[in-house]
Amino acid sequence: MKKLVILLFLFQIISACSATKENIQMERKENENGIEFTYKPSNSVFSDFQLKIIPNDYNLEITEEKNQSIAEFITRTFPEKEITFEIKNKVDFADSGVNLEKITCPHCRREIEFEKWQEEMAKAEESDFIEMEFVTPCCKKGTSLNNLIYDSESGFSKYQITIINPDFDKVNQQELVSHIEKQTGLKMKLVWAQY
């Protein structure tokens, strides 16, 4: 009897291990902006809350093979959540939605008005965010839109992971970033968004 229990236990472990090695199923869409992969389990729920994960290096280009490796890790971490992986042809802004209330100058720490920021964003967007430099209105020093201090983490990237309704209270942010960086070898940051 003892041998049977041990064999059943070993069978469960082997089954669990082989299940985690199966390829995840994602829908692939290609358009003029790049490639988008979507993992959508049947029990996922749409929400106004999103967790965006982007590389610290906004010019970093991710291959489809690297994306697959990242996707396998993220979908194991959030198996019941809808997740989108975007490989973009150009830099884009990963915003935090209504969470963004204040933008500050990195030099003098004074607040930059949203109207001025939107004006500079519109100029930068014309160059596909290649040219993000501008002179701050407060202290008249040169900076980049990427170097501004956003009170709710935001950023620019060519690669973005978006997790819908990620259970904010249950996510250990430091641990998640550490695991993603260890898994991918890339420095990443989290952008919590609400719309």
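Residues numbered from 1 in each chain as written. Predicted model: local features only at pLDDT ≥ 70, side-chain atom pairs only at ≥ 80, totals over all residues. Heavy atoms only, no water.

1. Digging into the pairing of strand β10 (residues 188–194)
Next up, step 1: When you tally the buried positions in β10, you get six out of seven residues, the bulk of the element.
Next up, step 2: Pairing analysis gives seven bridges linking strand β3 (residues 49–55) to β10, with the strands arranged antiparallel. Counterpart to Ile54 in the pairing with β10 is Lys189. (Buried < 20%, exposed > 50% of the residue type's maximum accessible area, 1.4 Å probe, protein only. Helix = DSSP H or I, 4+ residues; strand = E, 2+ residues; numbered from the N terminus. Pairing = 2+ DSSP bridges.)

2. Some points on the packing of aromatic side chains
Next up, step 1: In total, this model carries six aromatic pairs according to the counting rule given.
Next up, step 2: With a centroid separation of 6.0 Å and an interplanar angle of 90 degrees, the aromatic rings of Phe114 and Trp117 are classed as edge-to-face. Taken together, the residues span about one helical turn, with Phe114 and Trp117 both in helix α3 (residues 114–126) at a distance of three residues.
Next up, step 3: The exposure class of Trp117 is buried, given its relative accessible area of 9%.
Next up, step 4: Taken together, a centroid distance of 5.3 Å and an interplanar angle of 55 degrees make the contact between Phe129 and Phe156 tilted. Separated by 27 residues along the polypeptide, Phe129 in the loop between α3 and β6 (133–135) and Phe156 in strand β9 (residues 155–164) bring together distant segments of the chain. (Phe/Tyr/Trp six-rings, centres within 6.5 Å; stacked < 30°, edge-to-face > 60°.)

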